[in-house]
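Chain residues, written in single-letter form:
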Amino acid sequence: MPPLPSRRKRPWLTVLRWTIGAAAMAATWGYGAWKGGSVMWISIPVGAIVGVSVASALSVPLVTAALVTVAFIYGIDSGMVPALRDVAVAVIAIGLPMAGWRIAVGLRERNRRK
């Protein structure tokens, strides 16, 4: 089996992931600005968390696709909106630990170089 191409050989995938994450963050901020009031202020940190989570979840596409499908099928009995809410929770549940792991590995590598 040939080795997988390195991240340096396919930077457009990283750009695509972070673009989708930035779009999710902008959508969260836009919703907060549309609703106004306290929702607007809460949407700022939530939007940042959503953006990082989506970008990190897309770095493991097979796991993300499997868990999103399971979450959607599990929640569809209650209707479309609860099913999509379950999908959003699944993406955040995948993305946040992945982002934490990437930060921890990055810090470890940075300290190793010193």
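Look above for the structure.
Within each chain, residues carry numbers counting from 1 in the order of the written sequence. This being a predicted model, a pLDDT of at least 70 is required before a residue's local features are given, and a value of 80 or more before pairs of side-chain atoms are given or counted; all residues contribute to the totals for chains, interfaces and linings. As a rule here, side-chain values cover all heavy atoms of the structure and leave hydrogens and water aside.

Caption draft 1: Highlighting the overall build of the protein. Here a strand is any run of E in DSSP of at least two residues, a helix any run of H or I of at least four, and the numbering for each starts at the N terminus. A count of helical and extended segments in the protein gives 4 helices and 0 strands. Reading the helices (α) and strands (β) of the protein from amino to carboxyl end gives α-α-α-α. Considered along the principal axes of its C-alpha atoms, the protein spans approximately 45 × 35 × 25 Å. For the protein, the proportion of its 114 residues judged to be buried stands at 25%. Two residues qualify as a contact provided that any one of their heavy atoms is within 4.5 Å of a heavy atom in the partner residue. Across the protein, contacts joining residues at least 24 apart in sequence account for 53% of those joining residues at least 6 apart. Each accessible area value is a Shrake-Rupley result obtained with a 1.4 Å probe; residue values ignore everything except the protein chains displayed when judging cover. Here the protein displays about 8300 Å² of accessible surface, and carbon together with sulfur accounts for 74% of that area. Between buried and exposed lies partly exposed: a residue is buried under 20% and exposed over 50% of the maximum accessible area for its type, with that area taken using a 1.4 Å probe on protein chains only.

Caption draft 2: Helix α4 (residues 80-113), seen in detail. A helix is expected to span 1.5 Å multiplied by its residue count minus one. Its 34 residues give α4 an end-to-end C-alpha distance of 49 Å, which sits within 8% of 50 Å, the value for a rise of 1.5 Å per residue. Among the residues of α4, Ala83, Asp86, Val87, Ala90, Val91, Ile94, Gly95, Met98 and Ala99 are the ones counted as buried. Against α2 (37-57) and α3 (61-75) lie the buried residues of α4.

Caption draft 3: Fine view of the nonpolar core. By size, the foremost hydrophobic cluster in this structure holds 8 residues: Ala24, Val50, Val54, Ala57, Val68, Val87, Val91 and Ile94. Contributing elements (two or more residues each) for this core: α2 and α4. We call a set of buried residues a nonpolar core when its members are Ala, Val, Leu, Ile, Met, Phe, Trp, Tyr or Cys and they connect through side-chain atoms within 4.5 Å of each other.

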